[in-house]
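# Structural characterization, general
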Amino acid sequence: MKLFRVRGGVHPDYRKELSSEKATVPFPLPQRLYMPLQQHIGAPAEPVVQVGERVLKGQMIARSTGAVSAPVHAPTSGIVVDIGNHTAPHPSGLPQRTIVIEPDGKDEWAPLPAPVADHLSLTPADIAKRVAEAGIVGLGGATFPSAVKLDLRSRCRLDILLVNGAECEPYLTCDDRLMREHADEVMDGVRIMAYALEVQTVLIAIEDNKPQALAAMTKAAATLDGDIRVIGVPVRYPMGSERHLTLALTGRETPARKLTADIGVVVHNVATARAVSQAIRAGRPLISRLVTVSGSAVAEPKNIEVPLGTHVSELIAFCGGLTEEPRRIISGGPMMGQPLPSTAVPVIKGTSGILALTEAETNERPAQPCIRCGTCVSVCPCGLVPVEMAAFIRKENLEGAQASGVLDCVSCGSCSYVCPSHIPLVHYFNYAKGRINALERDKRKRDLVKRLVEARAERMEKIAKAKREALAAKKAAAEAAKAAKAAAEAAAKAAEGEQPAAAASEDKASA
Amino acid sequence: MQEILLLLIGTALVNNVVLVKFLGLCPFMGTSNKVDTAIGMGMATTFVMTLSSVLAWGIETFLLVPLDLAFLRTITFILVIAAVVQFTEMVVRKISPALYQTLGVYLPLITTNCAILGVALLNVQEGHTFVQSLLYGFGSAAGFTLILVIFAGLRERVALAEVPAAFEGAPIGFIVAGLLSLAFMGFAGISAK
Amino acid sequence: MLAAVGSLAVLGATLGTLLGIAARYLRVDENPLEAEIEALLPGSQCGQCGYAGCKQAASALVSGEAKPTMCPPGGRETAAAIAAKLGVTVDLSGAEEMEPEIAFINEDICIGCMRCFQECTTDAIVGAPKQMHTVIGEVCHGCGKCVEVCPTEAVEMRPVPVTLASWHWHKPVSRMVH
């Protein structure tokens, strides 16, 4: 199949051999499970259990709230010991609301939705509903609720389902192992999703450095009919970025600030496809995922099927512990992953890898002046000009940065990787994006405040006016009453005056 | 036609009023911080310079020469320029209050812009006709505007660079202007005169 | 001699008259810049700048009486925007960014007197007579008027808490190694 050229990108040392040739192992029951209420993009889930309650494996412990949200399920049976703030697996180290479960060791399943043997018996809307109820989100790392993505068929004209098996980040091999070991389940999920999205063409993209995965998936695809193609894509970071993968395979470039769905393509990760298959065929909600634990500081790097909510410390201990003090512990890959504040944080739906990197592997150097070599411009896959954007941001000129397109940056890190002066370019862009968003929020708040002040002023004016009118009305009524009384008195006097006059005239008349 | 074109190019590029004759440096430095301000200033100066050149030519031809009042040239020219600038100020204030506020004191300072008086006096010195005076004034102003906008663009970029503290602002601006002047000396080879 | 004086006088008079006529036709009544500056201000009429309201503050800014950094709730962005609009340079490096604050009512001390309720310009305080009062954080813009009128000092200003949703990366330190 003809592939299209994608601009930029880098070739880091992949180091996948640390964990790629070992089979995945299941994780034994963890000591405690910490399930944050927000493991997805969108509104946090609301707990539906209470402290002290016993929950079963796969039971919903928090329901989704709103259109873009996802529920949370218990990874094993046990007692809910706390619903409160615990450190989030986030570089800020800030707490977030978490449900803590103490496993009882029985690993007892809750009653699950009925398994569906023939997915064609369900409507696409039903499939999306079951995917939503299973709490499935994008397992490539974006954690966007998959059901909402499946529902895009009603909003956009879709013609291609692109299954992302690229896994372009160094060290990570979980998708590779998944495709090698469970190609059938992945392919089944792909089939279900293609039906749910009502698309005719399915393209499965796998980077060329995974020949066994390519073979396994091609073999599995042969059993299905329809237009399903397994394609090997060139090895280049960030080939796994959905916009760039879409461009490489279809030649269609996603417009800025738009979705790939707007150009007819929906992208799903292979792990998401497997989760969908399990949800529909077995009624299983999303309660565990494959995680790559790697890095030179880990004694035995490997891929593990981890129950969600397991502490990173337990994972590392399961891998033989640390051989030396790591310079950094990262959730995700080394290019785009987030540094973790400590190992006392849980594995969540979006954790594709845990890396313990040594000093040598992080290669941190102090930043030197920019020499305007332009290498960052040639590697930017989004076609931006990092040298210019960084210059604006250094001088706090955020409008200039925005005009240069900093909001279109996907933070892939290619520019920082190649900079000969070791300037942390992607840090500048993350800072700028954060500031611009914060300013937007402030502006919205100021507009709201303005509206409220005006509304209140109007209300006060109305109340004052009503008071004035009431007072005036009262005065007028008092005046009217007084006038009426005076008139009545005058009339009475007149009548009195008339009577003696009448009597007098009568007397006169009679006299 | 060719003569007109030659005159315009000659005044705008070859004998550029800012970079070759070194006139009008005050507004050149003062309003070249942003490209938008520079464009506004350039347009205001063009209006003033063209109108003043023509009026100055008229005063010279119909008042000063017939009445033999050549010694009053400077003061009458300044009078005319001041009046035109006042008029321009009123127009700018009406059309764009923001530009009026941005230009600030540099708008009335166009009066003392030696480039305008210089162009008017040069017209007399060269003995230009009405059309030649008009084109000379307009060409000089066009050159002024062009250089002002180019320079503003350069200064916006220089503002993003790591300039040593002692050089920030006007000093590095003058150095850049000097380099720009060197570049424009290349046009001297195609001078018509 | 006469020709010189006469011609100058005539020239002056003519130009003067023409300018006078032009001034009549090109009159600008109110400074529309004021309205534009007012739009940049927060508009909450909090009075922290010392002027009666945002409209008066805008007039002061345009006339040059007040500096662009005079609006505390507006912060750096407002000061920069005002300075850009007025075409003046403003040195923001020395200006201390005031930590945005919102009001917080200590429920142990509040007596439900409704005085803060009446002061609040954005209706951020909910409560009823003799009932507990509380502040809606998303709407409070930190003007501080409620703090002044509370008879029991139950209201205090606290910095806006940072949440996972509002946190963002800090700026990398530009340490030049020469």
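Residues numbered from 1 in each chain as written. Chains lettered and ligands numbered in written order. Predicted model: local features only at pLDDT ≥ 70, side-chain atom pairs only at ≥ 80, totals over all residues. Heavy atoms only, no water.

Once that is clear, we can look at the nonpolar core. Soluble globular proteins tend to bury their nonpolar side chains together. Formed by 65 residues in total, the largest nonpolar core has its most connected members in I61, L161, M187, I204 and M217 of chain A. Top contributing element to this core by residue count: helix α4 (residues 183-197) of chain A, with nine residues. When near neighbours in sequence (up to four residues on either side) are disregarded, L161 of chain A contacts V190, M193, A194, L197, V199, T201, V202, L203, V266 and H268 of chain A. Within the second largest apolar cluster, 46 residues are counted, among which are V17, M29, V85 and I116 of chain B. (Core = buried A, V, L, I, M, F, W, Y, C linked by side-chain atoms within 4.5 Å. Buried < 20%, exposed > 50% of the residue type's maximum accessible area, 1.4 Å probe, protein only. Helix = DSSP H or I, 4+ residues; strand = E, 2+ residues; numbered from the N terminus. Contact = heavy atoms within 4.5 Å.)

Right, let's get into helix α1 (residues 124-133) of chain A. All names here are of chain A. Residues of α1 that are buried: P124, I127, A128, R130 and V131. Buried residues of α1, viewed axially, fall in a sector of 165°; they line one side. On its buried face, α1 is in contact with α2 (146-150), α4 and α7 (270-281). (Arc of directions from axis to C-beta.)

Looking now at the domain arrangement of chain C. Domain parsing of chain C yields domain 1 (32-86) and domain 2 (101-159). Taking only C-alpha atoms, the centre of domain 1 of chain C and the centre of domain 2 of chain C are 26 Å apart. (Domains from an automatic or database assignment.)

Right, let's talk about the side chain of R394 of chain A for a bit. Along the chain, R394 of chain A falls in helix α11 (residues 386-394). As a buried residue without a salt bridge, R394 of chain A has its nearest oppositely charged side chain in E162 of chain B, at a separation of 4.3 Å. Those residues in contact with R394 of chain A that lie beyond four places of it in its chain are I423 and Y428 of chain A, E162 of chain B together with K171 and S174 of chain C. (Lys, Arg positive; Asp, Glu negative; His and termini not counted. Salt bridge = Lys/Arg side-chain N within 4 Å of Asp/Glu carboxyl O.)

What the rule picks out here adds up to 31 salt bridges over all chains. Its salt-bridge partner being R153 of chain A, residue D151 of chain A comes within 3.4 Å of it at the nearest N-O pair. The residue R456 of chain A makes a salt bridge to D123 of chain C at a minimum N-O spacing of 3.4 Å. In this pair, R456 of chain A is assigned in helix α14 (residues 425-510) and D123 of chain C in the loop between α5 (115-119) and β2 (125-126), connecting two distinct chains. The buried category is assigned to R456 of chain A, whose relative accessible area is 12%. Look at the salt bridges and you will find they share partners, linking R327, R328, E359 and E364 of chain A into a network.

On the chain A side, the residues contacting the 39 residues of chain C number 35 residues. Taking both sides of the interface into account, the surface hidden between chain C and chain A amounts to around 2,900 Å²; carbon and sulfur atoms contribute 62%. Remark: the boundary between chain C and chain A carries three salt bridges. The salt bridge involving E396 of chain A is made with K171 of chain C; its shortest N-O contact spans 3.3 Å. There are ten residue pairs in polar contact (both at pLDDT 80 or more) connecting chain C and chain A. Put simply, the parts of the chain that give the side of chain C that touches chain A at least two residues each are α2 (32-40), α4 (75-86) and α5 of chain C. Counting residues per element, the side of chain C that touches chain A draws most heavily on α5 of chain C, which supplies three residues. Its residues assigned to classes, the side of chain C that touches chain A shows 16 nonpolar, 16 polar and seven charged. (Buried area = accessible area lost by both parts, 1.4 Å probe. Polar contact = N/O pair within 3.5 Å; in protein donor to acceptor, adjacent residues only side chain to side chain. Nonpolar A, V, L, I, M, F, W, Y, C, P; charged D, E, K, R; others polar.)

What follows covers the interface of chain A and chain B. The parts lose accessible area when they come together, and the size of an interface is often stated as this lost area. Across the contact, six residues belong to chain A and five residues belong to chain B. The junction of chain A with chain B conceals about 470 Å² of combined surface from both sides, 52% of it contributed by carbon and sulfur atoms. Inspection of the chain A/chain B interface yields one salt bridge. R157 of chain B is the partner of E388 of chain A in a salt bridge, and the nearest nitrogen-oxygen pair spans 3.5 Å. Where chain A meets chain B, there are one residue pair in polar contact (both at pLDDT 80 or more). Residue classes in the side of chain A that touches chain B are distributed as two nonpolar, no polar and four charged.

Now for the packing of α4 of chain A against α7 of chain A. Residue and element names in this part refer to chain A. Contact geometry for α4 and α7: axes closest at 7 Å, N-to-C directions at 80°. Comparing the axis directions of α4 and α7 gives the class roughly perpendicular. Mapping the contact onto sequence places E185, V186, D188, G189, V190, R191, I192 and M193 in α4 and V270, A273, R274, V276, S277, Q278, I280 and R281 in α7. Partitioning the contact of α4 with α7 into residue classes produces eight nonpolar, three polar and five charged. (Axes fitted to C-alpha atoms, helices over the stretch in contact; angles between N-to-C directions. Parallel < 35°, antiparallel > 145°, perpendicular 65-115°, else oblique.)

Let's shift gears to unusual backbone geometry. Residues and elements named next belong to chain A. Y237 connects to P238 through a cis peptide bond whose omega is 0°. Looking at where P238 falls in the secondary structure, it is placed in the loop between β11 (227-233) and α6 (242-250). The residue E198 is not glycine, and still its phi comes out positive at about 60°. Counting through the fold element by element, E198 comes out in the loop between α4 and β10 (201-207). The backbone of N363 sits at a positive phi, close to 50°, despite the residue not being glycine. Here N363 lies in the loop between α9 (359-362) and α10 (375-379).

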